Amino acid sequence: MGKGHEILQFTNHVVQGRWFSLFASFLIMAGAGATYLFGTYSKEIKASLGYDQTTLNLLGFFKDLGANVGVFSGLLAEITPTWFVLLVGAAMNFTGYFMIWLSVVGKVPKPKVWLMCMYICLGANSQNFANTGALVTSVRNFPESRGNMIGLLKGFTGLSGAIMTQLYLAVYGNDAKSLILLIAWLPAAISVIFVYTIREMRVVKQPNQLRIFYYCLAIAIVLALFLMVMTLVEKAIQFSHAVYVVTATVACALLFLPLLVFIREELGVFRRKNLPIDPPQVVVVLEKEAKSIASKIKKEEKSITSEIKKEENNLKCFWFNDIFFNKPERGEDYSILQALLSTDMLILFVATFCGLGTSLTAVDNLGQIGESLGYPTTTIKSFVSLLSIWNFFGRIFSGFVSETLLVKYKFPRTLMMTLVLLLSCIGLLLIAFPFPGSVYVASVIIGFSFGAQLPLLFSIISELFGLKYYSTLFNCGQLASPLGSYILNVKVTGPLYDREALKDLAKKGLTRSSVKELTCMGNQCYRQAFIILASVAFFGSLASLILVARTRNFYKGDIYKKFREQAEATEAEMASTNNNRIH
């Protein structure tokens with residue numbers, strides 16, 4: 001009976017702990033990448049509903065719009081609990097993609113184009129609710145490891161498309177219509193199952209925390225390599241359904257492996273928590289408690305003083321002075337308007353517009369780039385696979401390496417952003433001036449730099465503007481991405497490509513009406529466009545360099561000090577409670 005009660009206690013301890021919440025976040029993020037699978041099921045939409053390519057591209061635009069406009073989810077998270085945000089996201093995900101599936105299989109009358117655009121925008125927007133619920137909560141639960149945390153979570157999102165592909169092949173076989181159904185119910189089901197486990201908790205100091213994250217990193221890399229190998233092998237060999245079931249099982253086993261690591265960690269915490277505390281330990285605990293109380297009193301004094309100053313300022317000047325002139329120190333909690341209207345955020349917006357805008361344009365055009373340079377279809381698919389896997393490695397690298405460099409050498413994360421943007425320039429120039437095999441290298445470089453940018457952006461926003469309104473701020477920060485993609489892709493790259501294609505037709509003595517599809521062949525097709533893109537990315541790196549200069553002193557300091565103090569105070573309080581319970 002005692003043993004059973006202890007097991008029940010331990011199970012309850014695990015499920016309510018930070019590590020299980022993180023595991024649930026991994027699963028939610030691994031299901032939040034349905035937008036990456038649009039290329040797989042878009043042909044079914046086109047064929048079933050009789051759309052032309054222009055209409056399909058319109059659907060693609062609304063998909064990207066929904067995926068990147070996450071301000072509503074951020075604002076909702078400021079005023080509602082995490083479980084509500086996740087449930088709203090689950091409902092949106094199921095409604096949007098389920099209606100697309102019903103339309104494609106003919107269960108409902110053929111919808112109007114605007115209605116299909118609304119469905120896919122709704123379904124794609126749901127991933128912002130998963131991001132906000134899982135990522136923001138995890139960063140707040142592990143504030144001293146936010147770079148590692150964001151890198152891992154965004155890494156799992158990057159692998160989401162490959163994981164979902166393996167699952168749909170195992171469950172439904174090679175049926176792209178059923179993939180839409182899987183995208184509708186699976187991510188929604190994961191959110192509903194784990195909706196109450198993902199919540200904000202008090203920060204607790206754990207010495208081996210970094211080692212656990214490196215275990216998760218190793219597991220994620222093994223999963224990524226396994227998925228890459230399976231993707232390439234499946235293109236070369238026709239698998240039976242039984243083999244697909246095996247590969248999906250292995251992928252799921254690797255995805256659940258971090259849970260074993262977390263259970264082992266929680267076992268150690270559980271045992272320490274239930275050990276009696278010796279008198280010397282009690283003294284240490286009381287000393288820590290005294291220090292924490294003293295620090296709390298100091299903080300209260302500071303906050304009271306600052307409130308008095310604010311009141312005085314309010315009597316002297318208008319309310320907007322607080323937004324433009326009376327801003328907190330970097331690293332403290334900014335209000336939403338203070339952050340959005342700050343010079344630092346403006347520079348970040350420019351760098352993101354240039355960096356993610358150029359990278360997304362390259363990603364969206366990769367298939368046609370390969371086609372214009374004469375690569376066969378199988379090779380073009382290899383480019384896409386390379387880009388996806390290096391997108392994952394970029395996310396992981398920027399998260400873990402930037403965190404290590406920051407903690408050990410005070411290397412600013414803003415400088416890492418500058419270097420990543422300079423790297424992307426090289427990849428873009430390799431497409432502008434191609435040589436045999438250059439697209440392989442460009443796919444790796446662009447995929448890596450594209451993946452590295454989002455974790456850096458999210459980490460920098462959390463560090464400069466605090467975590468109080470992080471839900472809204474990180475969603476606002478990525479708004480530059482679709483804007484950059486629209487201007488650089490739709491208004492710059494597309495028209496320049498079409499102009500080169502029309503020149504090709506003119507050389508052949510043909511006009512636009514002579515051909516159904518406007519295509520361009522040769523090195524010149526994307527040259528001018530990608531020279532412009534490389535120039536824009538370089539301008540973004542210069543903007544980022546300005547932010548490096550502005551934040552140099554901030555990153556020289558100890559940016560995690562207050563979180564360590566909070567963790568120590570919590571640890572002392574828990575130890576004191578445990579001591580009182582025993583004695």
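Residues numbered from 1 in each chain as written. Predicted model: local features only at pLDDT ≥ 70, side-chain atom pairs only at ≥ 80, totals over all residues. Heavy atoms only, no water.

Regarding the pattern of salt bridges
Move 1: On inspection of all chains with the given rule, the structure shows six salt bridges.
Move 2: Across the salt bridge formed by Glu-200 and Arg-140, the nearest N and O atoms sit 3.6 Å from each other. Of this pair, Glu-200 sits in the loop between helix H9 (176-193) and helix H10 (209-236) while Arg-140 sits in helix H7 (residues 113-141), and the two are 60 residues apart along the sequence.
Move 3: The buried category is assigned to Arg-140, whose relative accessible area is 15%. (Salt bridge = Lys/Arg side-chain N within 4 Å of Asp/Glu carboxyl O. Helix = DSSP H or I, 4+ residues; strand = E, 2+ residues; numbered from the N terminus. Buried < 20%, exposed > 50% of the residue type's maximum accessible area, 1.4 Å probe, protein only.)

Overview of the nonpolar core
Move 1: With 122 residues, the main nonpolar core has Tyr-41, Ile-45 and Tyr-470 as its most contacted residues.
Move 2: The greatest single-element share of this core, amounting to 12 residues, is contributed by helix H8 (residues 146-171).
Move 3: Beyond its immediate stretch of four places on either side in the chain, Tyr-470 contacts Glu-78, Leu-135, Val-136, Val-139, Arg-140, Ile-150, Phe-458, Ser-459, Ile-461 and Ser-462. (Core = buried A, V, L, I, M, F, W, Y, C linked by side-chain atoms within 4.5 Å. Contact = heavy atoms within 4.5 Å.)

Looking at the side chain of Ser-485
Move 1: Here Ser-485 is to be found in helix H20 (residues 480-507).
Move 2: With relative accessibility at 11%, the residue Ser-485 sits in the buried group.
Move 3: With residues near it in sequence (within four places) discarded, Ser-485 still touches Gly-357, Leu-360, Thr-361, Asp-364 and Val-490.

Some points on the packing of H8 against H9
Move 1: Running from amino to carboxyl end, H8 crosses H9 at an angle of 115°, the nearest separation of the two axes being 10 Å. Note that H8 runs across H9; the crossing there is right-handed. Residues Met-164, Leu-167 and Tyr-168 of H8 touch H9, and the partners they reach there are Ala-176, Leu-179, Leu-182, Ile-183, Leu-186 and Pro-187.
Move 2: The residue inventory of the contact of H8 with H9, partitioned by class, reads nine nonpolar, no polar and no charged. (Axes fitted to C-alpha atoms, helices over the stretch in contact; angles between N-to-C directions. Left-handed = near helix turned anticlockwise from the far one by under 90°. Nonpolar A, V, L, I, M, F, W, Y, C, P; charged D, E, K, R; others polar.)

A few points about the confidence of the model for the chain
Move 1: In the predicted model, the chain carries a mean pLDDT of 82, and 84% of its residues have values of at least 70.
Move 2: Contacts of residues 281-286 to residues separated by more than four positions or lying in other chains number six contacts, the stretch itself having pLDDT below 50.
Move 3: Per-residue pLDDT stays below 50 along residues 310-318; that stretch engages in two contacts with residues further than four places along the chain or on separate chains. (pLDDT = per-residue confidence, 0-100.)

A look at the packing of aromatic side chains
Move 1: The final tally for this structure, using the stated rule, is 28 aromatic pairs.
Move 2: Counting every residue linked through ring pairs, the aromatic cluster contains Trp-19, Phe-26, Phe-142, Phe-156, Phe-213 and Phe-262.
Move 3: One cation-aromatic arrangement involves Arg-18 over Phe-142; the distance from NZ or CZ to the ring centre is 4.3 Å. (Phe/Tyr/Trp six-rings, centres within 6.5 Å; stacked < 30°, edge-to-face > 60°. Lys NZ or Arg CZ within 6 Å of the ring centre and 35° of its normal.)

Some details on helix H15 (residues 343-372)
Move 1: In this model, H15 (30 residues) spans 41 Å end to end at C-alpha, consistent with the 44 Å of a helix rising 1.5 Å per residue.
Move 2: Roughly 55° is the biggest bend found in H15, and it falls at Leu-366.
Move 3: Burial analysis of H15 places 21 of its 30 residues in the buried class, which makes it a mostly covered element. (Expected span 1.5 Å × (residues − 1). Bend = angle between axes of the 7 residues up to and from the residue.)

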